[in-house]
Amino acid sequence: GIYKPLAEIEDILKSNRDVAVIVDEAYINFGGQTALSLLEKYDHLVLVRTFSKDASLAGLRVGYAVASPRLIASMNAVKHSINPYSVDLLAERLATAAVEDWAHYERNCRRIAETRDWFRQALIELGFMVLPSATNFVLAKPQGISSRSLFEKLEARGIFVRYFPNVKRIEDFLRISIGSREEMEECLNAIKEFVK
Ligand SMILES: *Cc1c(COP(=O)(O)O)cnc(C)c1O
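The present account deals with the structure reproduced in this document.

Quick notes on the rules
Residues numbered from 1 in each chain as written. Predicted model: local features only at pLDDT ≥ 70, side-chain atom pairs only at ≥ 80, totals over all residues. Heavy atoms only, no water. Axes fitted to C-alpha atoms, helices over the stretch in contact; angles between N-to-C directions. Helix = DSSP H or I, 4+ residues; strand = E, 2+ residues; numbered from the N terminus. Parallel < 35°, antiparallel > 145°, perpendicular 65-115°, else oblique. Contact = heavy atoms within 4.5 Å. Nonpolar A, V, L, I, M, F, W, Y, C, P; charged D, E, K, R; others polar. Pairing = 2+ DSSP bridges. Near = heavy atom within 4 Å. Polar contact = N/O pair within 3.5 Å; in protein donor to acceptor, adjacent residues only side chain to side chain. Phe/Tyr/Trp six-rings, centres within 6.5 Å; stacked < 30°, edge-to-face > 60°. Buried < 20%, exposed > 50% of the residue type's maximum accessible area, 1.4 Å probe, protein only. Lys NZ or Arg CZ within 6 Å of the ring centre and 35° of its normal.

This part takes up the packing of helix H4 (residues 102–125) against helix H6 (residues 181–195). The N-to-C vectors of H4 and H6 enclose an angle of 10 degrees; their axes lie 11 Å apart at closest approach. Taken together, the axes of H4 and H6 lie roughly parallel to each other. When H4 is examined against H6, the residues Thr 115, Trp 118, Phe 119, Ala 122 and Leu 123 are found in contact with a partner set consisting of Arg 181, Met 184, Glu 185, Cys 187, Leu 188 and Ile 191. Looking at side-chain class alone, the contact of H4 with H6 contains eight nonpolar, one polar and two charged residues.

Set out below in structure tokens:
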């Protein structure tokens, strides 16, 4: 969830000139500067974005890439010989409408970011260690209860978060996606109950 500044992205571009460098901007509208401006200088850069997070349209299954005409032409050539209809017509219309209503996008992002910051602070007050987040999720290390135990108790309550028992560096953490304010209040109340 931690934002990587443009200068670091540019370093990666500079030292990898003989391959395409893909920058995944799935979370960019939650805070951070897009790498769009680097496209003018680096024609091996490909930006990929999704409607799943900031537009809350995960069920639509639409994303897009932004790159130099040269790279886009190659991608189109491959696409047309493999799967020319990768996005269905209705999904394309709906995604276009979402982009045209940018104000809605911004409101949606702001709402999620506000709920995230409130939720993160509430976990910190419970003694949890919570990494900074520029996304729509928080990575939190519980206090007073193990990550496994909290994961299982939340699951039994019908609240699904992600737990990574096989990833050493984050096995003590839970990744919690931000839903509506009401959903996160319910989640927080359950966590408070289990921590007690
Ligand atoms: C969610 C996500 C995507 C794309 O998700 P889709 O729903 O498949 O569009 C890409 N990259 C990251 C890092 C994501 O979190």
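Attention now goes to the sheet that holds strand E2 (residues 45–50). Read from one edge of the open sheet, three strands run E1-E2-E3, paired in mixed fashion. Every other strand in the sheet has two partners, leaving strand E1 (21–24) and strand E3 (63–67) as the edge strands with one partner each. Each adjacent strand pair in this sheet contributes to an overall mean axis angle of 25 degrees, direction not counted. Pairing geometry for E1 and E2, over four bridges, is parallel. Bridging across to E2, Ile 22 finds its partner in Val 46. Packing against the sheet, helix H2 (residues 69–82) makes contact with E2 and E3, and its axis sits at approximately 140 degrees to E3.

Here we take up the site of the ligand. What surrounds the ligand is the set Asp 24, Ala 26, Tyr 27, Thr 50, Ser 52, Lys 53 and Arg 61. The contact in question runs from an oxygen atom of the ligand to an N or O atom on the side chain of Thr 50, over 2.5 Å. In the model, an oxygen atom of the ligand is placed 2.8 Å from a nitrogen or oxygen of the Arg 61 side chain. Counted by class, the shell around the ligand contains two nonpolar, two polar and three charged residues.

With that settled, consider the packing of aromatic side chains. Taken as a whole and judged by the stated rule, the model has seven aromatic pairs. With centroids separated by 6.3 Å and ring planes inclined at 50 degrees, the aromatic side chains of Trp 118 and Phe 119 adopt a geometry described as tilted. Taking the relative accessible area as the measure of exposure, Trp 118 reaches 23% and is therefore partly exposed. For the pair Phe 151 and Tyr 163, a centre-to-centre distance of 5.2 Å together with 35 degrees between the ring planes defines the contact as tilted. Taken together, the positions of Phe 151 in helix H5 (residues 147–156) and Tyr 163 in strand E6 (residues 162–163) put the pair twelve residues apart, joining distant regions of the chain. Assessed through its relative accessible area of 17%, Tyr 163 is described here as buried. Cluster of aromatic residues (ring-pair linked, three or more members): Phe 51, Tyr 64, Trp 102 and Tyr 105. Over the ring of Phe 137 we find Arg 175, and its NZ or CZ is 3.7 Å from the ring centre. Its end group placed over the ring of Trp 118, Arg 181 keeps NZ or CZ at 3.8 Å from the ring centre.

This brings us to the side chain of Ser 52. Along the polypeptide, Ser 52 turns up in the loop between E2 and E3. Under the relative-accessibility criterion, Ser 52 is labelled buried at 17%.

Turning our eyes to something else, we now look at the sheet that holds strand E4 (residues 129–130). The four strands lie next to each other as E4-E5-E7-E6, forming an open sheet whose pairing is antiparallel. A single partner strand is all that each edge strand has here, and the edge strands are E4 and E6. Bridge analysis of E4 against strand E5 (residues 137–141) gives two bridges, and the strand direction is antiparallel. Opposite Val 130, over in E5, you have Ala 140 as the bridge partner.

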